[in-house]
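Next come the chains, spelled out residue by residue.
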Amino acid sequence: MTLSPGAIAGIVIVCFIALCLVAYGIYYVIKKRREDAEYFDRCAKLFKKYGNRKPEVVAKFPYAEATFVRAPVPGQQFTSRELGRVQEFIDPLRAPMAGDTERTPMASMQTPIDPAAIDPRLYSSIYSQESIQMTPSSTKSPQVYFSIEYDSTFNILKVYIDQARFLKPQHNSNVCNPYCTVALLPERKERQSQIQRRTTDPIFQEHFSFDVPKHQLKDKTVLVKFFDYDQYSRDECFGIVTQKLDEINVERKVDLWKKISFQKGLVEEARERAGDILLRLGYLPSAEKLTVVLLKARSLKEVGPEGDKKPPDPYIRVAVLHDGNLLRKKKTSTKRKTCNPTYNQAINFAVPLDVLPQVELQFHVVHETGYFEN
């Protein structure tokens, strides 16, 4: 009787699996014996160190020759383990013996509290820290910590921006991507820091140096601007900090905490702006098709009388003009009661390739009764 190749292969696989199981069993037994030997060795060392002060307990409880507690802590239950030799038996309910030190009873939930034993100084600092943490950061003024120092040897003014705190997130978001620029007025050349990602308490720790003769220091002013980086639109300005050098002694290092405030021009510019639109443009020459993808808008103005302003119901209207003449106009869907609508809509226009350079696009953000931006 001959076996088929498939049967032979099956027998070989079964034998191989059986050999693997036997080898694993041998390995497990050897490992277990080694662990037990190490455990018994540790117990023997403990017995040699502490001895057995109550041999009568072993006679009373022959089924448990020893009790071993690895890390006794208050409230821990004791476990018994049979060992090959007599170990110390720890009886948690035994009566006190001569030579035992008196233990202080632990406090419990039923024990009344003595008000005279409470030190209020231990809780004053904790309370103040908790009150600070519970105060929302939105109610705190933005501020920056920086230092100014002048090196008279090399005529270099050093400005060190350490950190800023409680920055105001823009566009109803909880975080921002802040960075700062440092300039020395009346010159307008600015030095920019690194962008800090997703934080309202950025840590910059960057140095900025300016070449300034000593006799010109009194006419200089350090200007620090803070911006919120946006990958798809214009960066928003948080505010500015100014420091006149004639008001401080720059011969030695001066550390300053100053509030970040808006310049008057920046506030007026922010009030004049009606918001931003994020869009994409594309043109397909083979089909002579112009595609406008309207993604979203932000920071639209609220509508209504003073004291009763409400979010608008905006939509975006796109108009295509050639030499001042209206060719075509289309609009998106309307989003209800929001100052930051998201559209994600594409609008297509048929525009010949030869007239494409003369084509003008106009975007109107429209509410029921008026415009936000042209």
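Predicted model, so just to flag it, every value in this text is computed and none were measured. (Residues numbered from 1 in each chain as written. Predicted model: local features only at pLDDT ≥ 70, side-chain atom pairs only at ≥ 80, totals over all residues. Heavy atoms only, no water.)

Here we look at the UniProt feature "transmembrane region" (unreviewed entry) in the chain
UniProt tags residues 6–30 as "transmembrane region" (unreviewed entry). Summarising residues 6–30: 100% helix, 0% strand, and an end-to-end C-alpha distance of 37 Å. (UniProt positions renumbered as here; feature names shortened; annotations may be inferred. Helix = DSSP H or I, 4+ residues; strand = E, 2+ residues; numbered from the N terminus.)

Focus: the side chain of Asp 313
Here Asp 313 is to be found in the loop between strand E10 (289–298) and strand E11 (315–322). On the basis of relative accessible area, Asp 313 is assigned to the buried category, the value being 14%. Among the polar contacts listed, one links the side chain of Asp 313 to the backbone nitrogen of Lys 337, at a separation of 2.7 Å. (Buried < 20%, exposed > 50% of the residue type's maximum accessible area, 1.4 Å probe, protein only. Polar contact = N/O pair within 3.5 Å; in protein donor to acceptor, adjacent residues only side chain to side chain.)

Section: the sheet that holds strand E13 (residues 342–350)
Sheet architecture is open: 3 strands sit in the order E9-E10-E13, paired in antiparallel fashion. Among the strands making up the open sheet, the edge pair consists of strand E9 (276–284) and E13. Within this sheet the neighbouring strands show an average axis-to-axis angle of 20 degrees, counted without direction. Where E10 meets E13, 7 bridges bridge the pair, whose relative direction is antiparallel. Note that in E13 the partner of Thr 291 across the bridge is Asn 348. (Pairing = 2+ DSSP bridges. Axes fitted to C-alpha atoms, helices over the stretch in contact; angles between N-to-C directions.)

Overview of the environment of Val 212
Relative to the elements of secondary structure, Val 212 occurs in the loop between strand E5 (203–211) and strand E6 (221–228). On the accessibility criterion, Val 212 (2% relative accessible area) is buried. Residues Val 212 and Leu 184 lie 28 residues apart in sequence; the distance between their C-alpha atoms is 9.4 Å. Contact partners of Val 212, with chain neighbours within four places excluded, come to Tyr 150, Asn 155, Leu 157, Leu 184, Leu 217 and Lys 220. (Contact = heavy atoms within 4.5 Å.)

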